[in-house]
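Breakdown of the fold
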Amino acid sequence: MRIGVFSMICLGALAGCATPLRRPAPPTVINEAAPPGFPPTVRLVTTDLRGFARWAPPFFAGIRRAAGGGPVDVLALSGGGSEGAFGAGALVGMTEAHDRPRFELVTGVSAGALIAPFAFLGSRWDPELEAAFTADHRRLLSHPAWWRVVSRLVFPLGQRHRDALFDMVDHYVTPALITAVAHASERGRRLIIATTDLDSEETVLWDMGAIAEQGGEAARALFRNVLVASASVPGVFPPVLIRVHEGRRAYEEMHVDGSVTTPVFALPLVAGLRPQELPALRGGEVYMIVNSQIARIPSTTPVSTLEMLTRSFSASMTYKTREAILGTINLTRSLGMRFRLTDIPADFPVVNIVDFSPKFMRSLFDYGERCAASGRLWLTPEQSIKRNQVLTRRSSGGATSCPGARVGASPGPAAAR
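Structure report, in brief. Please read all numbers here as calculations on a predicted model, not as lab measurements.

Rules used throughout
- Residue numbers here run from 1 along each chain, matching the order of that chain's written sequence.
- The predicted origin of the model limits local features to residues at a pLDDT of at least 70 and limits the giving and counting of side-chain atom pairs to 80 or more, whereas totals for whole chains, interfaces and linings rest on all residues.
- By convention in this description, side-chain values take in all heavy atoms of the structure and omit both hydrogens and water.
- Accessible area is worked out with a 1.4 Å probe on protein chains only. A residue is then buried under 20% of its type maximum, exposed over 50%, and partly exposed in between.
- A run of H or I in DSSP becomes a helix once it reaches four residues, and a run of E becomes a strand once it reaches two; helices and strands are each numbered from the N terminus.
- Paired strands, as defined in this entry, are two strands with at least two bridges between them according to DSSP.
- For a helix, the expected span equals 1.5 Å multiplied by the number of residues minus one.
- Throughout, a contact is declared for two residues whenever any of their heavy atoms are within 4.5 Å.
- Disulfides are defined in this document as cysteine sulfur pairs within 2.5 Å.
- Whenever a helix is involved, its axis is fitted only over the stretch in contact; in every case the axis is a line through C-alpha atoms, and angles between N-to-C directions fall within 0 to 180 degrees.
- We call two directions roughly parallel when the angle between them is under 35 degrees, roughly antiparallel when it is over 145, roughly perpendicular when it lies between 65 and 115, and oblique otherwise.
- Crossing handedness is read from the near helix: turned anticlockwise from the far helix by less than a right angle, it gives a left-handed crossing, and turned clockwise, a right-handed one.

This paragraph deals with the pairing of strand S4 (residues 190–197). Each regular strand shows side chains that alternate between the opposite faces of the sheet. Most of S4 sits inside the fold, with eight of its eight residues counted as buried. Burial along S4 is two-sided: Arg190, Ile192, Ala194 and Thr196 facing one way and Leu191, Ile193, Thr195 and Asp197 facing the other are all buried. As paired strands, strand S3 (residues 105–109) and S4 are joined by five bridges and run parallel to one another. Note on S4: the bridge partner recorded for Gly108 is Ile193. As paired strands, S4 and strand S5 (residues 202–207) are joined by six bridges and run antiparallel to one another. When the sheet's bridge partners are listed, Thr196 is paired in S5 with Thr203. Counting the residues between successive antiparallel strands, the hairpin from S4 to S5 contains four residues, one of them, Glu201, with a positive phi of roughly 55°.

With 13 residues, helix H3 (residues 84–96) should cover 18 Å at 1.5 Å per step; its first-to-last C-alpha distance of 19 Å lies within 8% of that length. Among the residues making up H3, those that are buried are Gly84, Ala85, Phe86, Gly87, Ala88, Gly89, Ala90, Leu91, Val92, Gly93 and Met94. Check the buried side of H3 and you find it contacts strand S2 (73–77), helix H4 (111–121), helix H5 (126–134), strand S8 (285–290), strand S9 (338–343) and helix H12 (358–373).

Turning our eyes to something else, we now look at the state of the cysteines. What the rule picks out here adds up to one disulfide. What pairs with Cys371 in a disulfide is Cys402, and their sulfur atoms sit 2.2 Å apart. Handedness of the Cys371-Cys402 disulfide follows from its S-S torsion of about -90°: it is left-handed. Placement of the pair is Cys371 in helix H12 and Cys402 in the segment after helix H13 (381–391), with a sequence separation of 31 residues. When its relative accessible area of 0% is taken as the criterion, Cys371 is described as buried.

Bringing the packing of helix H7 (residues 164–172) against helix H10 (residues 216–231) into the picture now. Viewed as axis vectors pointing N to C, H7 and H10 meet at an angle of 135°, and their least axial separation amounts to 10 Å. By the angle class used here, H7 and H10 are oblique. In this structure, H7 meets H10 at a crossing whose hand is right-handed. Contact with H7, carried on its side by Leu165, Phe166, Val169 and Asp170, involves Arg220, Arg224, Asn225, Leu227, Val228 and Ala231 of H10 and no other residues of that element.

For the rest of this paragraph, the subject is H5. Buried within H5 we find Asp126, Leu129, Ala132, Phe133 and Thr134. Buried residues in H5 make contact with H3, H4, H7 and H12.

The structure is reproduced here in structure tokens:
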């Protein structure tokens, strides 16, 4: 007992000694701070109404220009950890079905943020997308849960040169990718990634095309760091410190997983308050890929504190995702847009969102690819609810059918209104 107490005291002392110093955060939520060498317009706090009013005209004018006067296609990619393999496979399957739009706007959060650049650049980047989500990523969580907790206590900012998530993202964010994103952005298309600023407890939206257009290693480094931050689940991966300047003052912001505050989004939170800025989207389509299950088949919760905490977190994220979907439905209806949704069915055998084994990720990738290639990926929100209600009333068993299979064919444009 005494040894245990002594060990805890030593651990606490070590954690305190190891806590690194950092620059202070900006003192206000809404400000003009920006990473060195970049204009403040490369990002937007999602509750900044005045900033959105300035940001929106050129943003949506570019999207309309990119659409060539036709309807705008928007792709929203949610978080989901290793379940992001579903969305990656779905995009590859859409390519195979010759049913993949050239999206004028792509948004991503967490795992969706890692998919988003490849989705944005189109089917020519499918090999890189598949490799990123089917490779053996078990090194991301190569230590047991207790060790990761201890590691975060002792090294709260991690040891960046040894962080597997950083290394993985750095490998795929090549100069060629940055150049391709910059060229697409110059033509008006938009790639937006969400992070959570822990200092202000707000969602920050990053214009990745505007970052890429700056060019050079500074653009590649910031682009990579934003993607890493968006996917950095607190307590599992270290946060990312991003240096910013406002005038002559230097600050540092701590950014983590975007899904802490925003599990999925098509537009900034304040967009609904300024509908006059959104006419460029009228008549377009929103495709939302939810890289998770938004309904669960019930099972008895073990009497375990860890299990109860895990399930409580899961329930919270499930309801936050449903609320985000509902908000998107309301916004698209007000703009006369079509809304298409897909998510992982409740009966798909998911153990946990941090199962980065090649077997699980390949099975989920292949499932998403198969469903999209056969034209059975998309549902209306009503169809999704009906399907999940049926699935949650029975036990899982046998092969999981594609999302559209239980309620008929994939919805056409009229049905998705």
